[in-house]
There are 2 protein chains.
Amino acid sequence: MTPANDTFLRALRREPVTHTPVWLMRQAGRYLPEYNATRAKAGSFLALAQDPELCAEVTLQPLARFPLDAAILFSDILTVPDAMGLGLSFATGEGPRFARPLHDEARVRALTVPDMGALRYVFDAVACIKRALAGRVPLIGFAGSPFTLACYMIEGSGSDDFGRVRRMAYARPDLLDRIVDINAQAVTAYLDAQVAAGADALMLFDTWGGLLTRSAYERFSLRPMRAILGALRPLHDGARVPTIVFTKGGGGWLDAIAACGASAIGLDWTVDLAAARARFGASVALQGNLDPLVLTTDPETVAREAAAIVRAAGPEPGHVFNLGHGIVPATPPANVAALVETVHNVSREILRAGRP
Amino acid sequence: MTPANDTFLRALRREPVTHTPVWLMRQAGRYLPEYNATRAKAGSFLALAQDPELCAEVTLQPLARFPLDAAILFSDILTVPDAMGLGLSFATGEGPRFARPLHDEARVRALTVPDMGALRYVFDAVACIKRALAGRVPLIGFAGSPFTLACYMIEGSGSDDFGRVRRMAYARPDLLDRIVDINAQAVTAYLDAQVAAGADALMLFDTWGGLLTRSAYERFSLRPMRAILGALRPLHDGARVPTIVFTKGGGGWLDAIAACGASAIGLDWTVDLAAARARFGASVALQGNLDPLVLTTDPETVAREAAAIVRAAGPEPGHVFNLGHGIVPATPPANVAALVETVHNVSREILRAGRP
């Protein structure tokens, strides 16, 4: 069923729209007092992410405030390695931690694709959100990229430099191949199940692919992402599910990323959007790319910088407005309101003027 | 006076060499036990950096172990803002901290180019190192880029995201212009004085320019670096002092960086060196770009990865081998030995084969 507002899906297919669709990475998150209230009610981030009803509640919170053009499943990329038995936890005030990281070869050898039953709570959340959305806007499902998941699985937590991972890429590429290949199979099944539960589009978050050399990026990040995109089940009507691939720090490799088979490529804020649209806009949609720190300034600055991005994207079809990374907690919600309003208004003007 | 081994200077001028010169960012540092001993003797990092004799001692330590083709002044980029009165300190186990950061407009308005007399200890260190080197290899002087200095001056310390700086770039670009312009004047005087004291080449470290948008990078980082390069005093013989500009994370903007006026451009490890040489090698020398984490593996892996970089650079003149960022403390010195030997041997073969 086509959502009432299908602007986001049309932009991903590079079809004409009357305004540029906008959604924001981490649009349901700590900058919203109502999110913090729900999280407090749940007791912890993980308890929240594992409760389908509460996931639906926080997923819809930003949509109640702002006329966003898409919702995104509230979840975490590390659900998949948790289902593999690595033992995920979030210490208060710290990042994620695995009790059983891939610190030795035996653990890597023992790694297998998990039963999707262990991730049932995520698919229940998708179905629950989908009901709550009632067809207003599309719902984006997502997963971490095989390499980005591998980063946390090997390191055991977040890291300044993911030194263990980079060392493995050079000294034991065979082990890293094995990890990302298993991750690719797991992510494919995970995303297929999200679509079966109601997701209208899918995004792969490759947060750490930008740490690699060009050739290691091809081997350990882009190749397994390409494998996922090629293996996803088609929709009921035989069409491909729309997909977005986002490698933070991948601005130097856009030639390769743009050809990976995704409907859209996410851009971080370091990429010149006008140049990227000129170079790749005829073959792939682009998503981005306002610096999230702009949202911590003031409504006038937000409006000016957001309008500059919309103008840089120009009138050709195939732009989804987003940030270049997730919203930061210090963002005043009033700045998000100014952003969404500006993107809609400025793009309406540009698209009207651009029409023959 | 031309050093006995002038391979490094020849490579910067894109003149033929018989082996690829190699030096390593942070080659004098914590991975060397003798460095840690000297630092302990000095009492603190800052005491070490302010003692010209001890600076000479640690600068020469890696040269005693490895046949490196250049020495680099042992110092810190934050000497310049310290001389501006910001009050630099290094807490044990933490990074740098300024007692009087640029947290309000009044402090920015009061900022001025410091008297170079306050930096006399650095120029004394250059002279002292130069005497100790006795003409064996060239000595590289350096400074932080105006933007990278501004990052620490505005934030007051290191930071995950330099949020204050990025906010200023959007909301108060006039203030950031003022800071980087004053920094550019200060750095020009600072580098001129290093050359007067004996530095044979100069490097600008732009560690944080890669955090910016393309247009903000041009305005706040590349433009002031270009100003410095254009303002440096020529050498006694009227020639320009050889210069290297290194923006970490600048791989997406190499077209602009390669044209900034420097003799050489530093590349981090995410850049495909063969592609960069093909595209920019005829107009500028390139320096880099082994991932420093490779040096934390084993001598065989180091040799294989270093050889791949030398082969990617090819036989055309104008490559200086280096890492894509500084040596990490966990580096075993034996791996550095394997690296230098590999670069020299493999490049000798390639350069012999490449000669008509």
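Residues numbered from 1 in each chain as written. Chains lettered and ligands numbered in written order. Predicted model: local features only at pLDDT ≥ 70, side-chain atom pairs only at ≥ 80, totals over all residues.

This part is about the relation of the copies chain B and chain A. The transform that puts chain B on chain A rotates by 180 degrees and translates by 0.0 Å along the axis, for an RMSD of 0.0 Å. What we have between these two chains is a two-fold relation. Relative to the rotation axis, the closest C-alpha in chain B is found at B:Gly252, a distance of 2.0 Å. Looking at chain B, 100% of its interface residues are interface residues in chain A too, so the copies touch through the same face. (Least-squares fit on C-alpha atoms with pLDDT ≥ 70 in both. Contact = placed C-beta atoms within 7 Å.)

Let us now look at the pairing of strand S4 (residues 139-144) of chain A. All names here are of chain A. Most of S4 sits out of view: six of its six residues are buried. Burial along S4 is two-sided: the face carrying Leu 139, Gly 141 and Ala 143 and the face carrying Ile 140, Phe 142 and Gly 144 are both buried. The pairing of strand S1 (residues 71-72) with S4 spans two bridges and is classified as parallel. Opposite Ala 71, over in S4, you have Leu 139 as the bridge partner. Pairing of S4 with strand S5 (residues 201-206), which is carried by five bridges, proceeds in the parallel orientation. Across the sheet, Gly 144 pairs through a bridge with Phe 205, a residue of S5. (Buried ≥ 20, exposed ≤ 12 C-beta atoms within 10 Å, placed from the backbone. Helix = DSSP H or I, 4+ residues; strand = E, 2+ residues; numbered from the N terminus. Pairing = 2+ DSSP bridges.)

Right, let's talk about the environment of B:Arg172 for a bit. All names here are of chain B. Along the chain, Arg 172 falls in the loop between helix H9 (163-171) and helix H10 (173-197). The exposure class of Arg 172 is partly exposed, given the 15 C-beta atoms found within 10 Å. On a C-alpha basis, the gap between Arg 172 and Glu 155 in space is 15 Å, while along the polypeptide they are 17 residues apart.

Further remarks concern the packing of helix H2 (residues 33-42) of chain A against helix H4 (residues 52-65) of chain A. In a pair of packed helices, the angle between the axes and the distance between the axes together describe the arrangement. All names here are of chain A. Where H2 contacts H4, the two axes come as close as 10 Å, and the packing angle between them is 170 degrees. Taken together, the axes of H2 and H4 are roughly antiparallel relative to one another. Where H2 approaches H4, its residues Glu 34, Tyr 35, Thr 38 and Ala 42 are matched on the opposing element by Leu 54, Glu 57, Val 58 and Gln 61. Its residues assigned to classes, the contact of H2 with H4 shows four nonpolar, two polar and two charged. (Axes fitted to C-alpha atoms, helices over the stretch in contact; angles between N-to-C directions. Parallel < 35°, antiparallel > 145°, perpendicular 65-115°, else oblique. Nonpolar A, V, L, I, M, F, W, Y, C, P; charged D, E, K, R; others polar.)

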